[in-house]
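Summary of the model geometry
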Amino acid sequence: MHTLFRAVVAFSLFISVAAHGAEPLALTQPKPHQVLQRIGVAPGKGYADVKISGTLPAEASQAMWEYRIVVLADQSQQPAKTDTVSEWTSVVPTITGETFQATARVPAGGWYRLECRCQVDDNVLATGAVEPIGVGEVFVVAGQSYATNCNDERLTVADLQQRVVAFDSAKQSWAVANDPQPVFDGSDGGSIWPPLGDALAKELDVPIGFANVAIGGSASAQWLPEGNMLPRLISAGKTLGAFRAVLWQQGESDVLAKNTTAGYVANINKIRDTAAKAWDDSPPWLLAKSTHHPTAYNDPEGEGRIRAGVDELTKQPAFLPGPDTDTLTGDNRGDINSRRHFTGIGQREAADMWLTSIRQELLTAKDETSGLRVGMAEVDITPPVGFPMAGYYHERLAEGTIDSLKAKAI
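Every residue gets a number counted from 1 within its own chain, in the order that chain's sequence is written. In keeping with the predicted nature of the model, local features appear solely for residues at pLDDT of at least 70, side-chain atom pairs appear and are counted solely at 80 or more, and the whole-chain, interface and lining totals rest on all residues. Computation of side-chain values: all heavy atoms of the structure, hydrogens and water removed.

**A few points about the pairing of strand β14 (residues 245-249)**
Burial here depends on accessible area, computed with a 1.4 Å probe over protein chains only, as a share of the maximum for the residue type. Under 20% is buried, over 50% is exposed, and the range in between is partly exposed. In this text, helices come from DSSP runs of H or I with a minimum length of four residues, and strands from runs of E with a minimum of two, each type numbered from the N-terminal end. By the criterion of burial, β14 is predominantly enclosed, with 5 of the 5 residues buried. Here β14 shows two buried faces, one formed by A245, L247 and Q249 and the other by V246 and W248. Pairing geometry for strand β10 (residues 123-143) and β14, over 5 bridges, is parallel. Note that in β14 the partner of V140 across the bridge is V246. In this structure, β14 lies alongside strand β15 (residues 285-287), joined through 3 bridges in parallel fashion. Paired with V246 across the bridge in β15 is W285. Strands are labelled as partners when DSSP assigns at least two bridges between them.

**Structural notes on the pattern of salt bridges**
Any carboxyl oxygen of Asp or Glu within 4 Å of a side-chain nitrogen of Lys or Arg constitutes a salt bridge here. Under the criterion given, the structure shown has 18 salt bridges. For the salt bridge of R359 with E203, the shortest nitrogen-to-oxygen distance reads 2.8 Å. Here the residue R359 occupies a position in helix α7 (residues 344-367), and E203 occupies one in helix α2 (residues 193-204), the gap between them amounting to 156 residues. Several salt bridges share partner residues, and in doing so they unite R68, R113, E115 and E131 into one network.

**Considerations on the pairing of strand β4 (residues 47-55)**
Here 2 bridges tie strand β2 (residues 27-29) to β4, and the two strands are oriented antiparallel to one another. Across the sheet, L27 pairs through a bridge with G54, a residue of β4. The pairing of β4 with strand β8 (residues 99-107) spans 9 bridges and is classified as antiparallel. Opposite K51, over in β8, you have T103 as the bridge partner.

**Regarding helix α6 (residues 300-313)**
What sets the pattern is the α-helix's 3.6 residues per turn: residues three or four places apart point alike. Given the number of residues in a helix, its expected span is that number minus one, multiplied by 1.5 Å. Here α6 spans 20 Å end to end across 14 residues, near enough to the 20 Å set by a 1.5 Å rise per residue. What α6 keeps buried is the set G302, E303, I306, G309, V310 and L313. In a view along the axis of α6, the buried residues occupy a sector of 115°, so they form one face of it. Along α6, exposed side chains directed more than 90 degrees from the buried face belong to P300 and E301. Should any heavy atoms of two residues lie within 4.5 Å, those residues are considered in contact. Where α6 is buried, its residues contact α4 (252-256), α5 (261-279), β15 and β16 (319-321). By arc we mean the arc of the directions from the helix axis to the C-beta atoms, nothing more.

**Observations regarding the side chain of S169**
Among the structural elements, S169 can be located in the loop between β11 (164-168) and β12 (173-176). Judged by its relative accessible area of 14%, S169 is buried. The residues contacting S169, other than those within four sequence positions of it, are F184, V213 and A236.

**Section: the nonpolar core**
In this structure, W65, F139, W193, L196, L247, W354 and I358 are the most contacted members of the largest nonpolar core, which totals 60 residues. If sequence neighbours within four positions are ignored, L247 has contacts with F139, V140, V141, A142, W193, L196, L286, W354 and I358. Residues W111, A236, V255 and I268 belong to the second largest nonpolar core, which totals 38 residues. Among buried residues, the Ala, Val, Leu, Ile, Met, Phe, Trp, Tyr and Cys ones that are joined through side-chain atoms within 4.5 Å form a nonpolar core.

**A closer look at the sheet that holds strand β7 (residues 94-96)**
Strand order in the open sheet formed by 4 strands is β2-β4-β8-β7, and the pairing between neighbours is antiparallel. If you trace the sheet from one side to the other, it starts and ends with β2 and β7, each paired once. Averaged over all neighbouring strand pairs, the angle between strand axes comes to 30°, with direction disregarded. Alignment of β7 against β8, held across 3 bridges, turns out to be antiparallel. Considered in β8, the bridge of I95 is made with F100. The axes are straight lines fitted to the C-alpha atoms, using for helices just the contacting stretch, and the angles between their N-to-C directions are given from 0 to 180°.

None of the figures reported here should be taken as evidence of function without further support.
As structure tokens, this is what we get:
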């Protein structure tokens, strides 16, 4: 039904284009199902300046360009909310050869259809659209098997509007974030990200996007600049353009490698600093404590060293504490037969823990200071008795005070 509805919308758009004698406008950005990072943190609020790019139609170099936003249905079987359509907004594109780029300001929310057209006088030369797109919260996920598909149960997105999506770095495309997640290590089990996305979408009332570049079995040393993992992380961040934070879930391989606390701190700092320089941006990193792998080893001392490293890192401004998933034991853990990290119960519990960390460390704290803030100051500048007073044609000295003279600022 969902596919049929999209096909009808696309066909209707084609008929509309044909009726007006306009050519189809080929848009290459944004991508279908893409979520763009919003500015703002309050539920359902904010906006993003969305980059539009595509192929320049013939005779369009001197055309007037416009875009508008159409709010799509809450559920796939419903028609589009055609009564919820923004006005056409003018935009000035940058034209390079046979391509164009422009920027559209899109409010937080979605799903939307972004429509774009160019015209000369009343003659529409070309029109095109991309859907669905959303403006919400975007996260880069990195680390090792805890962050990939190494859990017992394949989970699916439960949000009715399917507003939880994953970026496939290999295909450079977006899709609903059902397990298994599109990662480089080929893991094909379940993850913790669909339930986390569902919870965030419900709480924040915006679409949620994940770009997962984690690699199972990877130690922090393998993420250093000389390897091939960090370039993938950097590439994903550049493609997104903006995102809320890096969710780092890693540590077991450093326990196995007998890494020291100082060594772990040095590695993570170098990884983060290299990425921030490449992005020309410094999004925060939330560091989970995920060092425990009871079906692979029993090394409390080694786990303690890496956990202490996380504690040291989160004292620095670039890092924030993520969830302590080492505390999930018993029914939360996969058994010796599966050798996976979490059962379905544990996956959902880990997602809840990530939700709490994101809420406390990224959203609540910022929300308290993101609104209008007012400062006031007042100082008494009453001149002393005998002080010369301006504004007279003869010398006059202050003789006393009726009301104090004050300088005030707001």
